[in-house]
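# Descriptive structure summary
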Amino acid sequence: MTTSDIPKAFHIMAKPTGSACNLHCGYCFFLSKEKLYPGSDFRMPAQVHEAYIRQLLEFHRTPRVTVAWQGGEPTLMGLDFFRHSVELQNKHRKPGTHIENTFQTNGTLLNDEWCQFFRENNFLIGLSMDGPGELHDFYRKDKGGQGTFERVVRAARLLQKHRVEFNILCAVNSRNVDHPLEVYRFFRDELGVNYIQFIPIVERANETGYQEGDTVTDRSVGAGPFGQFLIEIFDEWVRRDVGKTFVLNFDGALAGWLGMAGTVCIFGPTCGLGLALEHNGDLYSCDHFVEPNNYLGNILKTPLIELVASARQQKFGRDKRDTLPRYCRNCDFLAICNGECPKNRFHKTPDGERGLNYLCAGYKAFFKHADKPMRTMAGLIRTNRPASEVMAAMANDEECLKTKFANAGRNDLCPCGSGVKFKKCHGNPTGH
Ligand code: SF4
Ligand code: SF4
């Protein structure tokens, strides 16, 4: 390891309860991970906790450090664990370092005390929710098989009451994917949240729970429907919500149009700086690869930074770029997509090469659809203007188009740019 191999910053998702959770959501990939640690109590011991915080703060060479808590369900550790964590963070903080805690939860165990603590310590919360009642409850059930919607709404209201910053993480699955606007409007209008991330469920159908095999469960989202889901929400967002409602999927894609792909790891050219820490100090290459082949070592035995900067982890990160199929390398949207996450690359390209992303068709349709407004937003940002001006530009374009439709002859090419005669396209009274 040379000095240049050592990253200044990295991101660790710490799982203090391992994969242990109080719910039993149909698609949860963490539940199957319990077998990695048979007989474990799935509680991070004090020794691992302090070693983690100390090393995380010691090895960062940046003024900001994120301490990310994830599960399983981290609230199962109890509030005192996190109170102690803040003490440890203060004990090991380098002068001038700003620390931010993020905390991913299903919300069902939150109460006033938790929320006061989050507020006092500026925790940023990610609340898992899949949409309005029926859509949420379809997969997000407790261990008794009961839906959890009411409990999660209660959690959202508590967080709002205590003015805790939170965003919604919505798993897009085979049930809610056909209801994009219902899902989006529920979060925006009924729940009143401004930050949303949509996570496609792509769950391999195998017994191991690892990233193996090339078929998916029926809970998984299809590529085409996922693309359509993004398109329908994008169309509403880009006309009325830019600058008010933040959809991480759109911001992450826009970064690609700005030539900065990688603000979300799935769209970056390489990865490897977002690792996962199990409750016992075992470190893995990524939260999606907590499996024996991607085990890097234990932070009680090897310094965290040696594992983060190890040749093995660097190769993991570079492989994302080095294993791209030719189909991706020739794709018009390569600079935006970069083949998306390696965990989803188990399909074949049309010419039979392995390693195409399962979601490719959906992403391609979305990128193509969003191209013009994304270019407009990128242009606005480059000239120091707010991206929200795209909404006026869209309205103007649409007004122009209406005038062009009104003046088009039946045998003219359609003004929408489809290359089809007007009478067979937007001039066709039966629609097209
Ligand atoms: S494997 Fe996927 S989720 Fe993990 S760091 Fe790489 S791009 Fe991100
Ligand atoms: S859109 Fe498809 S072909 Fe293009 S880079 Fe992404 S996964 Fe590859």
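Scroll up for the structure.
Not measured: the values here are computed from a predicted model. (Residues numbered from 1 in each chain as written. Chains lettered and ligands numbered in written order. Predicted model: local features only at pLDDT ≥ 70, side-chain atom pairs only at ≥ 80, totals over all residues.)

### Remarks on the overall build of the protein
- When helices and strands are counted, the protein shows 14 helices and twelve strands.
- A compact globule built from 432 residues should have a C-alpha radius of gyration of about 22 Å, and the protein, at 23 Å, falls within 12% of that.
- Principal-axis analysis of the C-alpha atoms places the extent of the protein at approximately 75 × 50 × 45 Å.
- Residues counted as buried form 38% of the 432 residues belonging to the protein.
- If you take every contact in the protein between residues at least 6 apart in sequence, the share linking residues at least 24 apart comes to 66%. (Helix = DSSP H or I, 4+ residues; strand = E, 2+ residues; numbered from the N terminus. Rg over C-alpha atoms; globule rule 2.2 N^0.38 Å. Buried ≥ 20, exposed ≤ 12 C-beta atoms within 10 Å, placed from the backbone. Contact = placed C-beta atoms within 7 Å.)

### Digging into the site of ligand 2
- Taken together, Tyr327, Cys328, Cys331, Phe333, Leu334, Cys337, Gly339, Glu340, Asn357, Cys360, Tyr363 and Lys364 form the complete shell of residues around ligand 2.
- Sorting the residues of the shell around ligand 2 by element identifies helix H11 (326-329), helix H12 (334-337) and helix H13 (360-382) as the ones contributing at least two each.
- Residue composition of the shell around ligand 2, grouped by class: eight nonpolar, two polar and two charged. (Near = placed C-beta within 6 Å. Nonpolar A, V, L, I, M, F, W, Y, C, P; charged D, E, K, R; others polar.)

### Concerning the site of ligand 1
- Taken together, Cys265, Ile266, Cys271, Gly274, Cys286, His288, Lys320, Cys341, Pro342 and Lys343 make up all the residues around ligand 1.
- Residue composition of the shell around ligand 1, grouped by class: six nonpolar, two polar and two charged.

### Looking at unusual backbone geometry
- Cis geometry marks the peptide bond from Gly71 to Gly72; its omega dihedral reads 0°.
- Although it is not a glycine, Arg163 sits at a positive phi angle of roughly 55°.
- With respect to the helices and strands, Arg163 occurs in the loop between helix H5 (149-161) and strand E5 (166-172).
- Positive phi, close to 55°, is recorded for Asn338, a residue that is not glycine.

### Describing the packing of helix H8 (residues 248-257) against H13
- Contact geometry of H8 with H13 gives a least axis separation of 9 Å together with a crossing angle of 70°. With respect to their mutual orientation, H8 and H13 come out roughly perpendicular. Of the residues in H13, those touching H8 at Ala253, Leu254 and Trp257 are Ala370, Met374, Arg375, Met377 and Ala378.
- A breakdown of the residues in the contact of H8 with H13 according to their chemical character gives seven nonpolar, no polar and one charged. (Axes fitted to C-alpha atoms, helices over the stretch in contact; angles between N-to-C directions. Parallel < 35°, antiparallel > 145°, perpendicular 65-115°, else oblique.)

### Re the packing of H13 against helix H14 (residues 390-407)
- Two elements in contact, H13 and H14, have axes separated by 10 Å at closest approach and are oriented at 135°. One element, H13, and the other, H14, form an angle in the oblique class. Regarding H13 and H14, the two cross each other, and that crossing is right-handed. The segment H13 lies against H14, with Pro373, Thr376, Met377 and Leu380 engaging Val390, Ala393 and Met394.
- Looking at the contact of H13 with H14 residue by residue, the class counts come to six nonpolar, one polar and no charged. (Left-handed = near helix turned anticlockwise from the far one by under 90°.)

### Focus: the environment of Ala9
- Counting through the fold element by element, Ala9 comes out in the segment before strand E1 (11-14).
- Through-space distance from the C-alpha of Ala9 to that of Lys372 is 34 Å; in sequence the pair is 363 residues apart.
- Apart from the residues lying within four places of it in its own chain, the contact partners of Ala9 are His60 and Thr62.

### As for the sheet that holds strand E7 (residues 246-247)
- Read from one edge to the other, the open sheet built from ten strands follows the order E7-E6-E5-E4-E3-E2-E1-E8-E9-E10, with strand pairing classed as mixed. A strand with exactly one partner marks an edge of an open sheet, and here the two such strands are E7 and strand E10 (295-298).
- Where strand E6 (residues 195-200) and E7 come together, two bridges link them in parallel fashion. When the bridges of E7 are listed, Tyr195 appears paired with Phe246. (Pairing = 2+ DSSP bridges.)

### Some words on the pairing of E5
- Burial runs high along E5: five of the seven residues are buried.
- Here strand E4 (residues 124-128) pairs with E5 via four bridges, running parallel. By the bridge assignment for E5, Ile125 is matched with Phe166.
- Of the pairings in the sheet, the one linking E5 to E6 comprises five bridges and is parallel in character.

### Some thoughts on the nonpolar core
- Within the largest apolar cluster, 93 residues are counted, with the highest numbers of intra-cluster contacts made by Ile125, Leu127, Cys170, Val172, Phe226 and Leu275.
- For this core, the element with the highest residue contribution is helix H7 (residues 223-240), accounting for eight residues.
- Formed by seven residues, the second largest nonpolar core is a distinct cluster that contains Ala20, Leu23, Cys25 and Cys28. (Core = buried A, V, L, I, M, F, W, Y, C linked by C-beta atoms within 7 Å.)

### So, the pairing of strand E3 (residues 98-105)
- Of the pairings in the sheet, the one linking strand E2 (residues 64-69) to E3 comprises six bridges and is parallel in character. Its bridge partner lying in E3, Thr66 is registered against Glu100.
- Traced from E2 through helix H2 (residues 79-92) to E3, the parallel crossover comes out right-handed.
- Note: E3 against E4, four bridges, orientation parallel. Residue pairing in the sheet places Thr102 in a bridge with Leu124 of E4. (Right-handed = clockwise from strand over helix to strand, strands pointing away.)

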